[in-house]
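An overview of the molecular structure
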Amino acid sequence: MKTVLEYGLLKPDMTFFDYGCGQGSDVRGLQALGHQAEGWDPVHRSDAAKREADIVNLGYVLNVIEDPAERLEALVDAHRHCRKLLVVSGLINETVDLARARQYSDGVLTRANTFQKFFEQQELQQYVEDALDNSAVPVALGVFYVFRNPADQQDFLSARSRR
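Source: prediction; values computed, not measured.

Looking at the overall build of the chain
Broken down by element type, the chain carries five helices and nine strands. The order of helices and strands in the chain, counted from the N terminus, is α-β-α-β-β-α-β-β-β-β-α-β-β-α. Taken along the three principal axes of its C-alpha coordinates, the chain extends 45 × 35 × 25 Å. Relative to its 163 residues, the chain shows a buried fraction of 45%. Across the chain, contacts joining residues at least 24 apart in sequence account for 58% of those joining residues at least 6 apart. Across the chain, the centroid of the 18 positively charged side chains sits 5 Å from that of the 24 negatively charged ones.

Structure follows, in structure tokens:
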């Protein structure tokens, strides 16, 4: 969410939806700033409805889904709910020490016995692009923007190169 705010992509009249919001701290933070923000999570906010929004955040969700088919469906479903921009964030291999982790499926089991799938930066970008048949713009380590409208992507890239 930090990059979305830094780049000024979430305008006051836009809606925001956090797909897999956990306890909802990003949603509460954005609401406190006056934004129209809502969230859904299969564990912590399963009673909330999934909603279409201008910007949808899929933050560190792909990392915790151990079933590859379910992981893909979450990505596609989050994209289905965005009108303008999907933000995908994932944990990247370079940021963790996997030496003591136990291999499990295509990820690892942590010391807390939770599943984590760590990606390489390029691997996550390619995964998103292949799944959504759309380009994913890297904006930070493990953070990608997928614009609905190619013109919006070009505007973003142009503005970013002028900074």
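Concerning the pattern of salt bridges
For the coordinates displayed, the defined rule picks out eight salt bridges. Residue Arg-83 is joined to Glu-52 by a salt bridge in which the shortest nitrogen-to-oxygen separation is 3.1 Å. One end of the pair, Arg-83, is in strand β4 (residues 82–89); the other, Glu-52, is in the loop between β2 (36–40) and β3 (53–59), with 31 residues separating them in the sequence. Measuring nitrogen to oxygen at the nearest pair gives 2.7 Å for the salt bridge that ties Asp-77 to Arg-80. Taken together, the positions of Asp-77 and Arg-80, both in helix α3 (residues 68–80) and three residues apart, correspond to about one turn of that helix. According to the relative accessible area criterion, Arg-80 is partly exposed, its value standing at 46%. Overlapping salt bridges, with partners in common, bring together Lys-50, Glu-73, Asp-77 and Arg-80 in one network.

Topic: the packing of α3 against helix α4 (residues 121–132)
Where α3 meets α4, the closest approach of the two axes is 10 Å, and the angle between their N-to-C directions is 70 degrees. By the angle between their axes, α3 is roughly perpendicular relative to α4. Here α3 runs over α4; the crossing is right-handed. Where α3 approaches α4, its residues Pro-68, Arg-71, Leu-72, Leu-75, Val-76 and His-79 are matched on the opposing element by Tyr-127, Val-128, Ala-131 and Leu-132. Here the contact of α3 with α4 is composed, by residue class, of eight nonpolar, one polar and one charged.

Notes on the pairing of strand β9 (residues 143–147)
β9 sits mainly inside the fold: five of its five residues count as buried. Burial along β9 is two-sided: the residues Val-143, Tyr-145 and Phe-147 and Phe-144 and Val-146 are all buried. For β4 and β9, the ladder comprises five bridges, and the chain directions are antiparallel. Residue pairing across strands places Val-87 opposite Tyr-145, the latter belonging to β9. Direction of pairing for strand β8 (residues 137–140) relative to β9: antiparallel, over a ladder of three bridges. The residue of β9 that forms the bridge with Val-137 is Tyr-145. Counting the residues in the hairpin turn of β8 and β9 gives two residues, including Gly-142, whose phi is positive at 80 degrees.

Criteria and cut-off values
Chains are numbered independently. Their residues run from 1 in the order of the written sequence. Reporting in this predicted model follows two pLDDT cut-offs: at least 70 for local features of residues, and 80 or more for side-chain atom pairs to be given and counted; totals over whole chains, interfaces and linings ignore these cut-offs and use all residues. Side-chain metrics in this entry use all non-hydrogen atoms of the structure; hydrogen atoms and water are not considered. In DSSP terms, a helix is any run of H or I states spanning at least four residues, a strand is any run of E spanning at least two, and both are numbered starting from the N terminus. Per-residue accessibility, obtained with a 1.4 Å probe over protein chains only, is compared with the maximum for each type, and a residue is labelled buried under 20%, exposed over 50%, and partly exposed between these values. Contacts were defined at the residue level, with two residues in contact if any of their heavy atoms lie within 4.5 Å. Only four residue types enter the charge count: Lys and Arg as positive, Asp and Glu as negative, with His and the chain ends excluded. A charged residue contributes its charge at one atom only: NZ of Lys, CZ of Arg, CG of Asp or CD of Glu. Only one rule defines a salt bridge in this text: a Lys or Arg side-chain nitrogen within 4 Å of an Asp or Glu carboxyl oxygen. To get an axis, fit a line to the C-alpha atoms, keeping to the stretch in contact for a helix; angles then go from 0 to 180 degrees between the N-to-C directions. Angular relationships are summarised with four words: roughly parallel below 35 degrees, roughly antiparallel beyond 145, roughly perpendicular across 65 to 115, and oblique for the angles in between. Helix crossings get a hand from a simple test, with the near helix turned counterclockwise from the far one by less than a right angle marking a left-handed crossing and a clockwise turn marking a right-handed one. Any residue that is not Ala, Val, Leu, Ile, Met, Phe, Trp, Tyr, Cys, Pro, Asp, Glu, Lys or Arg is counted as polar, Gly included; the first ten are nonpolar and the last four charged. When DSSP locates at least two bridges between a pair of strands, those strands are taken to pair.

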